[in-house]
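Inside the fold
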There are 2 protein chains.
Amino acid sequence: MKKKTTIYDIAKKLDITAATVSRALNDNPKISVATRKLVLETAREMNYEQNRLAKALKSGKSYNVGVVVPRINTNFFGSVIRGIEETLYPEGYHIIICQSHDDERIETSNINSLLNLQVDGILMSIPNIQRDNDDLYNSVLKENIPLIFFDRRKDINGVSSVTIDDFKGAYEATQHLIDQGYKRIAHISNDRRLQIFNNRYLGYKQAVIDNGLEFNENLVIEAFSKVEEGRRVAKTFLEMDNPPDGIFSASDFSALGAIKEIKDHGLRVPEDMGVIGFSNEPFTELMELSITSVDQSPIEMGKLAAEVFLEEVNNSKNIRSQKKVVLDPQLIIRQSSLREAIPIKNDQAI
Amino acid sequence: MKKKTTIYDIAKKLDITAATVSRALNDNPKISVATRKLVLETAREMNYEQNRLAKALKSGKSYNVGVVVPRINTNFFGSVIRGIEETLYPEGYHIIICQSHDDERIETSNINSLLNLQVDGILMSIPNIQRDNDDLYNSVLKENIPLIFFDRRKDINGVSSVTIDDFKGAYEATQHLIDQGYKRIAHISNDRRLQIFNNRYLGYKQAVIDNGLEFNENLVIEAFSKVEEGRRVAKTFLEMDNPPDGIFSASDFSALGAIKEIKDHGLRVPEDMGVIGFSNEPFTELMELSITSVDQSPIEMGKLAAEVFLEEVNNSKNIRSQKKVVLDPQLIIRQSSLREAIPIKNDQAI
DNA sequence: CTGTTAGCGCGTTCAC
DNA sequence: GTGAACGCGCTAACAG
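Residues numbered from 1 in each chain as written. Chains lettered and ligands numbered in written order. Predicted model: local features only at pLDDT ≥ 70, side-chain atom pairs only at ≥ 80, totals over all residues. Heavy atoms only, no water.

1. Let's talk about the overall build of chain A
Counted only if it meets this: Under the DSSP-based scheme used, a helix requires at least four consecutive residues in state H or I and a strand at least two consecutive residues in state E, with every element numbered from the N terminus. Between the two quantities, the radius of gyration covers C-alpha atoms and the globule rule is 2.2 Å times the number of residues to the power 0.38. Accessible area is worked out with a 1.4 Å probe on protein chains only. A residue is then buried under 20% of its type maximum, exposed over 50%, and partly exposed in between. Here, two residues are considered to be in contact whenever any of their heavy atoms come within 4.5 Å of each other. Using the Shrake-Rupley algorithm and a 1.4 Å probe, accessible areas are obtained, with residue cover drawn only from the displayed protein chains.
Within chain A one finds 13 helices and twelve strands. In terms of overall dimensions, chain A is more spread out than a globule: its C-alpha atoms have a radius of gyration of 26 Å, far above the 20 Å expected for 350 residues. Along the longest, intermediate and shortest principal axes, the C-alpha atoms of chain A span 90 × 40 × 40 Å. Each of the 350 residues in chain A was classed as buried or not, and the buried ones make up 56%. Contacts spanning at least 24 positions in sequence make up 71% of the contacts within chain A whose residues lie at least 6 apart. By element, 49% of the accessible surface of chain A is carried by carbon and sulfur atoms, the whole surface being about 15,200 Å².

2. Section: the domain arrangement of chain A
Accessible area lost on assembly of the parts is the figure often given for the size of an interface. For clarity, the cut-off: Each domain's limits were defined by an automated method or a database of domain assignments.
In terms of domain boundaries, chain A breaks down into domain 1 (7-50), domain 2 (62-163 + 298-327) and domain 3 (166-296 + 331-349). Each of domain 1 of chain A and domain 3 of chain A was reduced to a C-alpha centroid, and the two centroids are 64 Å apart.

3. Quick notes on the protein's contact with DNA strand C
Heads up, the condition is: When we say a residue is near a molecule or strand, we mean one of its heavy atoms is within 4 Å of it. We call two N or O atoms a polar contact when they sit within 3.5 Å, provided that within protein one can donate a hydrogen and the other can accept it, with sequence-adjacent residues counted only if both atoms are side-chain atoms.
Near DNA strand C there are 25 residues, and of these Ile-7, Tyr-48 and Gln-50 of chain A together with Thr-20 and Arg-23 of chain B occur at the shortest range. At 3.2 Å, a backbone N or O of Asn-51 of chain A approaches a phosphate oxygen of DNA strand C. At a separation of 2.4 Å, a phosphate oxygen of DNA strand C approaches a polar side-chain atom of Thr-20 of chain B. Those elements that provide at least two residues to the surface near DNA strand C are α1 (7-14), α2 (18-25) and α4 (52-59) of chain A together with α2 (18-25) and α4 (52-59) of chain B.

4. Re the sheet that holds strand β11 (residues 324-327) of chain B
Which entries qualify depends on this criterion: Here, a strand pair is defined by DSSP locating no fewer than two bridges between the strands. Angles shown run from 0 to 180 degrees and are taken between the N-to-C directions of axes, each axis being a line fitted to C-alpha atoms and, for helices, limited to the stretch in contact.
The sheet built from twelve strands is open, its strands ordered β11(A)-β5(A)-β4(A)-β3(A)-β1(A)-β2(A)-β2(B)-β1(B)-β3(B)-β4(B)-β5(B)-β11(B) with mixed pairing. The open sheet has two edge strands, β11 (324-327) of chain A together with β11 of chain B, and neither has a second partner. Across the sheet, the axes of successive neighbouring strands diverge by a mean angle of 20°, strand direction being ignored. Relative to strand β3 (residues 121-124) of chain A, strand β1 (residues 64-69) of chain A is paired through four bridges, and the arrangement is parallel. Along β3 of chain A, the bridge assignment pairs Val-67 of chain A with Leu-123 of chain A.

5. Digging into the sheet that holds strand β7 (residues 220-222) of chain B
All names here are of chain B. Spatially, four strands are ordered β7-β6-β8-β9 in an open sheet, and the strand pairing comes out parallel. Of all strands in the sheet, those with a lone pairing partner are β7 and β9 (274-276), marking the two edges. Here the average twist between neighbouring strands, direction ignored, is 15°. Bridge analysis of strand β8 (residues 246-249) against β9 gives three bridges, and the strand direction is parallel. In the sheet register, Ile-247 faces β9, and the bridge partner there is Val-275.

6. Quick look at the pattern of salt bridges
All names here are of chain A. To keep things clear, this is the line we draw: The rule for a salt bridge is simple: a side-chain nitrogen of Lys or Arg has to be within 4 Å of a carboxyl oxygen of Asp or Glu.
Per the stated rule, a full pass over the model turns up 44 salt bridges over all chains. Among the ionic pairs, Asp-264 bridges to Arg-231, the shortest N-O distance being 2.2 Å. You can see Asp-264 sitting in helix α11 (residues 252-264) and its partner Arg-231 sitting in helix α10 (residues 227-238), a full 33 residues away along the chain. Of the residues examined, Arg-231 reaches a relative accessible area of 25% and is grouped as partly exposed.

7. What to know about helix α8 (residues 166-179) of chain A
Residues and elements named next belong to chain A. For clarity, the threshold we go by: Take the residue count of a helix, subtract one, and multiply by 1.5 Å to get its expected span.
Its 14 residues give α8 an end-to-end C-alpha distance of 20 Å, which sits within 8% of 20 Å, the value for a rise of 1.5 Å per residue. Those residues of α8 that fall on the buried side of the exposure criterion are Asp-166, Gly-169, Ala-170, Ala-173, Thr-174, Gln-175, His-176, Leu-177 and Ile-178. Downstream of α8 by a residue or two, Gly-181 has a phi angle that is positive, lying close to 95°.

8. A look at the interface of chain B and chain A
Heads up, the condition is: In short, buried area is how much 1.4 Å probe accessible area vanishes from two parts on joining, totalled over both.
Counting residues at the interface gives 53 residues for chain B, matched by 53 residues for chain A. For the pair chain B and chain A, the two sides together bury roughly 4,800 Å², of which 52% comes from carbon and sulfur. At the boundary of chain B and chain A, one finds two salt bridges. Across the salt bridge formed by Glu-288 of chain A and Lys-263 of chain B, the nearest N and O atoms sit 3.0 Å from each other. Taken together, the links from chain B to chain A amount to 28 residue pairs in polar contact (both at pLDDT 80 or more). Looking at the side of chain B that touches chain A, the elements that each hand over two or more residues are α4, α5 (75-88), β2 (94-99), α6 (104-116), α11 (252-264) and α12 (282-286) of chain B.

9. Describing the nonpolar core
Basically, it comes down to this: For our purposes a nonpolar core is just a set of buried Ala, Val, Leu, Ile, Met, Phe, Trp, Tyr and Cys residues, chained together by side-chain atoms within 4.5 Å.
The biggest cluster of nonpolar side chains holds 138 residues, and the ones touching the most others in it are Phe-150 of chain A together with Phe-150 of chain B. For Phe-150 of chain B, the residues in contact, after removing those within four places along its chain, are Val-67, Val-69, Phe-77, Val-80, Ile-84, Leu-123, Met-124, Ser-125, Val-162, Met-301 and Ala-305 of chain B. Counting 50 residues, the second largest nonpolar core, distinct from the first, contains Val-68, Leu-141 and Leu-194 of chain A together with Ile-111 of chain B.

Set out below in structure tokens:
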């Protein structure tokens, strides 16, 4: 274990006191230019590096931020974290990752553990199935450390959030289907206790109503974000007496499942049925029949969440801001919803 | 800022000394059962939590491990990190993530930064394009903290690694193509200064030779792991006087590009040409024409890397182990290489 | 068994 | 401007 050089080492060498070295290193105004220069030079010579643990213990600020996500190996969360890391690393912060596995108890453990590490902030998406962890979130606020939700948020007094406008994304997707001539639009939903899914549902519903179409609750079925689930729901739709001719899904995976099922039933996409997913997962672009989807710009979302954190941590510590940043979703039009041979407006379509 | 209870608080309350409290909390043998019980109880009452920063400062052990990957938002790296986190979190460790962006200078910054945080170990994949950062890796070893490479490794004295057997994976993929009746197998390679790609190349080559086929260097072309790159290389292959009828690609993305290009040339996959990728990216399974690929079991790889770290950190600190764990790759046979209507042996195929 | 003391590395009073 | 002294929270060494 090679010993690191401390401020004492360089103090001894220069025959001054450690306090002076500390001041020189921290740009303290009351110090002579000469000694500062001297200290900085010898610090470099001796490969001095500040011990961040000691500083953290002393100051209470660790320059670490905690990030809690249900799981890390999905394109969406991975990309958000990427955005967070890229914004915070240049500012001297490090990212500590925890996975909640959509489990409230693990989430509680994660957050307590992060608090104990004296993280300077926590950025997170709440678990999928969660009843009431408000006390937990409030305990973070009580410690006066910024808490920021991204994507899967919840209304908590004092907690900022960065999301996309799910309502708008869903509305535009549904509108696009209607514009393409589909007359009877169904919706594959997901657990609507989560705001994001409820908002997508509401956006869909509003678009249907605004276009003078009949809103039918039977055309809305919840499903997990899985291919098989999409198949299951599509099967139900197809076996109806009066089946839909368009599907807006709150998930790309269930959208894909729906497409597979539709084809297996001998129908064509997009000729007979139009399908749109949500999230713009990489595979939606790669498919032979590319899938129209709503992009959530996750990297951007991560960057913004990080920026909100930086604002909160740098500004007045006492005023809880509770900022709400809402990103614009972007409909990426691809083959699965393009029945009409209209010119493609969106240059991001293939 | 609500003050946390420290061992002093509980010492004062019990009218004993902080050292005793510390001993009680740390299962020190020389302490009476009575006081231990008393301490533990009041600790719980007062919601005491050990300050890990103070402990780290004192002990030099932070219970943090650093993970450095080129980028986090890919299925492979995300899954490895997932495996690492799931293994280390129950042991009380936290994961600090850094992205090197395949840049040596950022990598250097990452590692120095992690050392400064006094991480107890560093788990990483080396950057794609890298000349010689051996000094950097050795500086980690000099501090006597475990360094473990996963996937993208390099031979460094004292550094353990967890990889899959790329040679074997490539060999089996190529063999499978030959077994399916393809006679002239080409290879889309990648930067072979990286061991993984060189080993895939060697495995391919050996399989070709072992089967008595002609090995032709012209049938090996390097490409980045991108769809367009796969198209480019496939185009070159198809325009040859004597084009190949099978392609083993070191990447799923270039394999997909190749398939798209082949189809655009009016040929069929797998009837006219067989294609196999590498990594078992999620999309390979989802495609309408599902793609045969080599699975690298990334989550397992992460778990093993974490276990190797735990061994090294728990065992004798002075002996550098340099363990080499090699995982078995698994060929996932799907449609893109299945010309013969043979029964599918692999139950993981669709 | 338990109390006392000291130190991990740093920043920050308070004097001078 | 600079030095001396202290404390962040915890643990290890030495007493007793």
